[in-house]
Amino acid sequence: MLINKLFDTAIIGGGVAGTSLLFTLARYTDINNIILFEKYDEVSQLNSNPKSNSQTLHVGDIESNYSYDRAKKVKKDSSMVANYIQNFDEVDRVGFRRDKMLLAVGEEEVEELKVRYSKFKELYPYLELWDRDFLSEFEPKLVEGRKEPILAMGARGQITTVDYKKLSESFVQQALDTEKNIQMRYNEEVTKIERSEDGTFTITSDTTKFRAKSIVVNAGAYSLLFAQSMGYGKEYAILPIGGSFFFTKEKLLNSKVYTMQNPKLPFAAIHADPDTTQNWNTRFGPTAFALPKLERYHSLHLKDLISALNIDRDVTKVYMNLFKDKTIRRYILKNFMEEIPMVGKEIFVGDAQKIIPSVKVKDLTFADGYGGMRPQIIDKKNQELLLGEAKIKKDGIVFNMTPSPGATSSLAIALTDTLGICETIGAKFDMDRHEKEIQSLVKLEKKELCNAS
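Residues numbered from 1 in each chain as written. Predicted model: local features only at pLDDT ≥ 70, side-chain atom pairs only at ≥ 80, totals over all residues. Heavy atoms only, no water.

Examining the overall build of the protein
For the protein, the count of helices and strands is 13 helices and 22 strands. Relative to the 2.2 N^0.38 estimate, which gives 22 Å for 453 residues, the radius of gyration of the protein is 22 Å and therefore close to what a compact globule would have. Here the C-alpha coordinates of the protein stretch approximately 70 × 55 × 35 Å along the principal axes. Looking at the protein as a whole, 56% of its 453 residues qualify as buried. Here the contacts in the protein between residues at least 6 apart in sequence split such that 75% fall between residues at least 24 apart. Within the protein, the 63 negative side-chain charges are centred at a point lying 2 Å from the centre of the 63 positive side-chain charges. (Helix = DSSP H or I, 4+ residues; strand = E, 2+ residues; numbered from the N terminus. Rg over C-alpha atoms; globule rule 2.2 N^0.38 Å. Buried < 20%, exposed > 50% of the residue type's maximum accessible area, 1.4 Å probe, protein only. Contact = heavy atoms within 4.5 Å. Lys, Arg positive; Asp, Glu negative; His and termini not counted. Charge placed at Lys NZ, Arg CZ, Asp CG, Glu CD.)

Laid out in structure tokens, this is it:
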């Protein structure tokens, strides 16, 4: 098999993580030769597809599963995506200004929300407290038929909703508009990565071979498989978590509505979102359940799944610890039953009614074809489930495993990886330009965008 030319950097995976890196490398470095591999026919066919996620820009303000310190970091990271959308004229095409809130139901949650508001108001000055009277005018469906006390912590006028597939497409176009030599290898699956004696890497695809001085693998669960095939990351395993959604048959809400997190549960609480793919009709979810797949709606590669699960005594102990907790055990069983066609809606409707009390089973439809997989990483050494982004970095190659909110943090992760690549291969990074365009909200002139290289 012929080995093609040597590239400065190769990116494996064309989701929002891979394309944000492509954009950052092309626009802000003097790196000239970049190649991106995507095994499907276009970018963002899996987790970055709007059907696979809640289309949320996670800022940390209404996500009650975030601690203050976690929210502070997420706010900084997500601001880069918001700045890109605004500075590169992508508002109302890629990102949308929609109101949002964190809804507390019942006296205990209301008091908890008041405490949270007093603390988080410092970090997010735009936050407001909305009482029942305000909500009855602002989002009446939240109040109709409700007896419990309610309170919401909300925000208006922020970019809250993102089509991450369109964001990926925008990143690619911006990269291609530079004068760099960029190859987009669609319908080409990477099968092997090897380190050469000279320190470069050989990438074998299903059609040919390439060489690269540096590599970043942004391939979801497959990132860990590539790492382990090269002898890295043996201390990790994957717990593949699937998520599904339900639609209402009409638009019931104008705002994103998140609910208070049960601190015992490792996954985010249910929320309701106006959906960009369904004329802004309301989408409820996600459910969360273990599913023996690495890609939700694609054929199962049993060998890859077995390798990713990496089951041994340490992994088994993590599973057992999860099932020991009665709250988690009931949550897992309930979410599993919500996937059963004949009874799923009847079980799920109780969660939906916490947000909209008047919603009935007949108002819901299973969102067929929606939902995705989130590869949660298990740290075998410490026997714990890691819920944030995970990264393996080894001498010129990086493996990113980015469950939610990886899309929100995509440009921040890309910045970190780009700086590492520049250090590895001796390239230059234009930090001043990056700070102006990505780290600061300064609206760019269209002329500058057209002439940028």
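Remarks on the packing of helix α2 (residues 68-87) against helix α11 (residues 410-425)
Packing of α2 against α11 leaves a shortest axis separation of 6 Å and a crossing angle of 105 degrees. Compared by their axis directions, α2 and α11 come out roughly perpendicular. Residues Asp77, Met80, Val81 and Tyr84 of α2 lie in contact with α11, whose contacting residues are Ser410, Leu411, Ala412 and Leu415. For the contact of α2 with α11, the per-class residue count stands at 6 nonpolar, 1 polar and 1 charged. (Axes fitted to C-alpha atoms, helices over the stretch in contact; angles between N-to-C directions. Parallel < 35°, antiparallel > 145°, perpendicular 65-115°, else oblique. Nonpolar A, V, L, I, M, F, W, Y, C, P; charged D, E, K, R; others polar.)

Brief notes about the side chain of Thr29
Mapped onto the secondary structure, Thr29 falls in the loop between α1 (16-28) and β2 (33-38). A residue is classified by how much of its surface remains accessible, and Thr29, at 7% relative accessible area, is buried. A polar contact is formed between the side chain of Thr29 and the backbone oxygen of Leu25, at a distance of 2.6 Å. Filtering out sequence-adjacent residues up to four positions away, Thr29 remains in contact with Thr24, Lys180, Thr418, Cys422, Lys428 and Phe429. (Polar contact = N/O pair within 3.5 Å; in protein donor to acceptor, adjacent residues only side chain to side chain.)

Structural notes on a positive patch on the surface
A cluster of basic side chains, namely Lys264, Lys326, Arg329 and Arg330, defines a positive patch on the protein surface. Summarising the element assignment, Lys264 is placed in the loop between β14 (256-259) and β15 (271-274). (Patch = residues over 30% accessible without salt bridge, like charges linked within 9 Å, V, L, I, M, F, W, Y side chains within 5 Å. Areas by Shrake-Rupley, 256 points an atom, 1.4 Å probe, with all protein chains shown as cover. Salt bridge = Lys/Arg side-chain N within 4 Å of Asp/Glu carboxyl O.)

Here we look at unusual backbone geometry
Here the residue pair Gly285 and Pro286 is connected by a cis peptide bond, since its omega of -5 degrees sits within 30 degrees of zero. If you trace the backbone, Pro286 turns up in the loop between β16 (282-285) and β17 (289-290). Although it is not a glycine, Trp280 sits at a positive phi angle of roughly 70 degrees. For Trp280, the position within the fold is in the loop between β15 and β16. Despite not being glycine, Gln383 shows a phi value in the positive range, around 55 degrees.

Quick word on the packing of aromatic side chains
For the coordinates displayed, the defined rule picks out 21 aromatic pairs. With centroids separated by 5.5 Å and ring planes inclined at 75 degrees, the aromatic side chains of Tyr68 and Phe120 adopt a geometry described as edge-to-face. Highlighted residues: Tyr68 in helix α2 and Phe120 in helix α3 (residues 107-120), separated in sequence by 52 residues. Here Tyr68 and Phe120 have matching classes, each one buried. Taking the centre distance of 6.0 Å and the plane angle of 65 degrees together, the rings of Tyr124 and Tyr126 count as edge-to-face. Given a relative accessible area of 0%, Tyr124 falls into the buried group. (Phe/Tyr/Trp six-rings, centres within 6.5 Å; stacked < 30°, edge-to-face > 60°.)

Let's talk about the confidence of the model for the protein
With 95% of its residues at a pLDDT of 70 or more, the protein shows a mean pLDDT of 90. Confidence drops under a pLDDT of 50 for residues 446-453, and excluding neighbours within four residues, the segment shows 14 contacts in the predicted structure. (pLDDT = per-residue confidence, 0-100.)

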